[in-house]
Amino acid sequence: MVSKFFAFLDRMKLIDRWALMRNTSVEDVAQHTMQVAMIAHALCVIENTMFGGSLDANKAAVLALYHEAAEVVTGDLPTPVKYYDDDINRAYKNIERRAEQKLVDTLPEELKSAFLPCVRPDKASAEYVIVKRADKMSALIKCVEELAVGNNEFKNAYDATVKSLEGVPEKSVGYFIDTFIPAYSMSLDYLLD
């Protein structure tokens, strides 16, 4: 049997994000996924090291690698559309579940149980919650980078993303924002200095 699973996932690089907004640099789902995996891993390490957490950083990184897997079937539906109202959101979640199942169904039978929790994770797990925080952090980084080069198209997205991250219970989120986010608006000369 030839499995289409990884060939499907490889198509993440073909799906552009932020499609409804004017971008100074294009970001694809593969780039986003890698960034979310690094941030999720970092948030777990920070939470465990500095704030007494007991998260599995490696599990969070793996969940992050697959967190947009369904988009190779559905494409990237812009956030304002996805969350426009409850009916649209429910319909999209149903489409997303079907897409996830379609992906899992492309695996050899003996591998399905190993990859199912990656593609369709337990959304109540602490590590998945961290992935969602990392996903928002990735959006914040995109906004910071765009605003740093004068693209005010991202001002409202920046404000909304900051608001969504304020008051989350994980202290690692605030720490990451204070410690690492400011550098994303720096030029290469300042980063090398």
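Please refer to the structure higher up on the page.
These numbers come from a predicted model, not from an experiment.

1. Focus on the overall build of the protein chain
Helix and strand counts for the protein chain come out as 11 helices and 0 strands. For the protein chain, the N- to C-terminal ordering of α and β elements is α-α-α-α-α-α-α-α-α-α-α. Relative to the 2.2 N^0.38 estimate, which gives 16 Å for 193 residues, the radius of gyration of the protein chain is 17 Å and therefore close to what a compact globule would have. With the C-alpha coordinates aligned to their principal axes, the bounding extent of the protein chain is approximately 55 × 40 × 35 Å. Looking at the protein chain as a whole, 42% of its 193 residues are labelled buried. A separation threshold of at least 6 residues defines the contact pool for the protein chain, and within that pool the share at least 24 residues apart is 70%. Accessible surface, the protein chain as shown: approximately 11000 Å² in total, 55% of it carbon and sulfur. Of the charged side chains in the protein chain, 22 are positive and 29 negative, and the gap between their average positions amounts to 6 Å.

2. Regarding a nonpolar patch on the surface
On the surface, a cluster of nonpolar side chains totalling about 590 Å² of accessible area is made up of Met186, Leu188, Tyr190, Leu191 and Leu192. Locating Tyr190 in the fold gives a position in helix H11 (residues 188-192). For Tyr190, a relative accessible area of 59% translates into the label exposed.

3. Concerning the pattern of salt bridges
By the definition in use, this model includes 13 salt bridges. In this structure, the salt-bridge partner of Arg90 is Asp87, at a minimum N-O distance of 2.6 Å. Of this pair, Arg90 and Asp87 both sit in helix H6 (residues 86-105), 3 residues apart, roughly one helical turn. The closest approach of N and O atoms between Lys155 and Asp159, which form a salt bridge, is 2.8 Å. Within this pair, Lys155 and its partner Asp159 are both found in helix H9 (residues 155-165), separated by 4 residues, close to a single helical turn.

4. Re the packing of helix H3 (residues 57-66) against helix H7 (residues 109-119)
Packing of H3 against H7 leaves a shortest axis separation of 8 Å and a crossing angle of 85°. One way to sum up the angle between H3 and H7 is to call them roughly perpendicular. Together, Val62, Leu63 and Tyr66 of H3 and Phe115, Pro117, Cys118 and Val119 of H7 make up the contact between the two elements. Each residue belonging to the contact of H3 with H7 can be placed in one class, and the counts come to 7 nonpolar, no polar and no charged.

5. Points about the state of the cysteines
Following the criterion strictly, the structure yields 0 disulfides and no others. Just so you know, Cys44 is unpaired, no disulfide at all, and the nearest cysteine sulfur is the one on Cys118, 15 Å from it.

6. Observations concerning the environment of Ser138
Looking at where Ser138 falls in the secondary structure, it is placed in helix H8 (residues 126-148). Sequence separation between Ser138 and Met38 is 100 residues, and the spatial gap between their C-alpha atoms is 9.9 Å. Excluding its chain neighbours within four sequence positions, the residues that come into contact with Ser138 are Glu27, His32, Gln35, Val36 and Ile39. There is a polar contact of 3.0 Å between the side chain of Ser138 and the side chain of His32. Side chain to side chain, Ser138 and Gln35 meet in a polar contact 2.6 Å long.

7. Quick look at the packing of H3 against H8
Contact pair H3 / H8: the axes reach a minimum separation of 9 Å and the direction vectors enclose 55°. Comparing the axis directions of H3 and H8 gives the class oblique. Like other packed secondary-structure pairs, H3 and H8 cross with a definite hand, here right-handed. Two secondary-structure elements touch here, H3 through Lys59, Ala60, Leu63 and Ala64 and H8 through Glu127, Tyr128 and Val131. Of the residues that constitute the contact of H3 with H8, the class distribution is 5 nonpolar, no polar and 2 charged.

8. A short note on the nonpolar core
Soluble globular proteins tend to pack their nonpolar side chains together in the buried interior. The biggest cluster of nonpolar side chains holds 25 residues, and the ones touching the most others in it are Ile39, Ala40, Leu43, Val131, Met137, Phe176 and Ile181. Where this core is concerned, the elements lending two or more residues are helix H2 (29-51), H3, H8 and helix H10 (171-179). Among the elements that take part in this core, H8 stands out by supplying 8 residues, more than any other. Contact partners of Phe176, with chain neighbours within four places excluded, come to Ile39, Ala42, Leu43, Ile46, Met137 and Ile181. Judged by nonpolar contacts, the second largest core, of 15 residues, contains Ile15, Tyr66, Ala69 and Leu103.

Definitions and limits used
- Residues numbered from 1 in each chain as written.
- Predicted model: local features only at pLDDT ≥ 70, side-chain atom pairs only at ≥ 80, totals over all residues.
- Heavy atoms only, no water.
- Helix = DSSP H or I, 4+ residues; strand = E, 2+ residues; numbered from the N terminus.
- Rg over C-alpha atoms; globule rule 2.2 N^0.38 Å.
- Buried < 20%, exposed > 50% of the residue type's maximum accessible area, 1.4 Å probe, protein only.
- Contact = heavy atoms within 4.5 Å.
- Areas by Shrake-Rupley, 256 points an atom, 1.4 Å probe, with all protein chains shown as cover.
- Lys, Arg positive; Asp, Glu negative; His and termini not counted.
- Charge placed at Lys NZ, Arg CZ, Asp CG, Glu CD.
- Patch = residues over 30% accessible without salt bridge, like charges linked within 9 Å, V, L, I, M, F, W, Y side chains within 5 Å.
- Salt bridge = Lys/Arg side-chain N within 4 Å of Asp/Glu carboxyl O.
- Axes fitted to C-alpha atoms, helices over the stretch in contact; angles between N-to-C directions.
- Parallel < 35°, antiparallel > 145°, perpendicular 65-115°, else oblique.
- Nonpolar A, V, L, I, M, F, W, Y, C, P; charged D, E, K, R; others polar.
- Disulfide = S-S within 2.5 Å.
- Polar contact = N/O pair within 3.5 Å; in protein donor to acceptor, adjacent residues only side chain to side chain.
- Left-handed = near helix turned anticlockwise from the far one by under 90°.
- Core = buried A, V, L, I, M, F, W, Y, C linked by side-chain atoms within 4.5 Å.

Distances and angles like these do not, on their own, reveal function.
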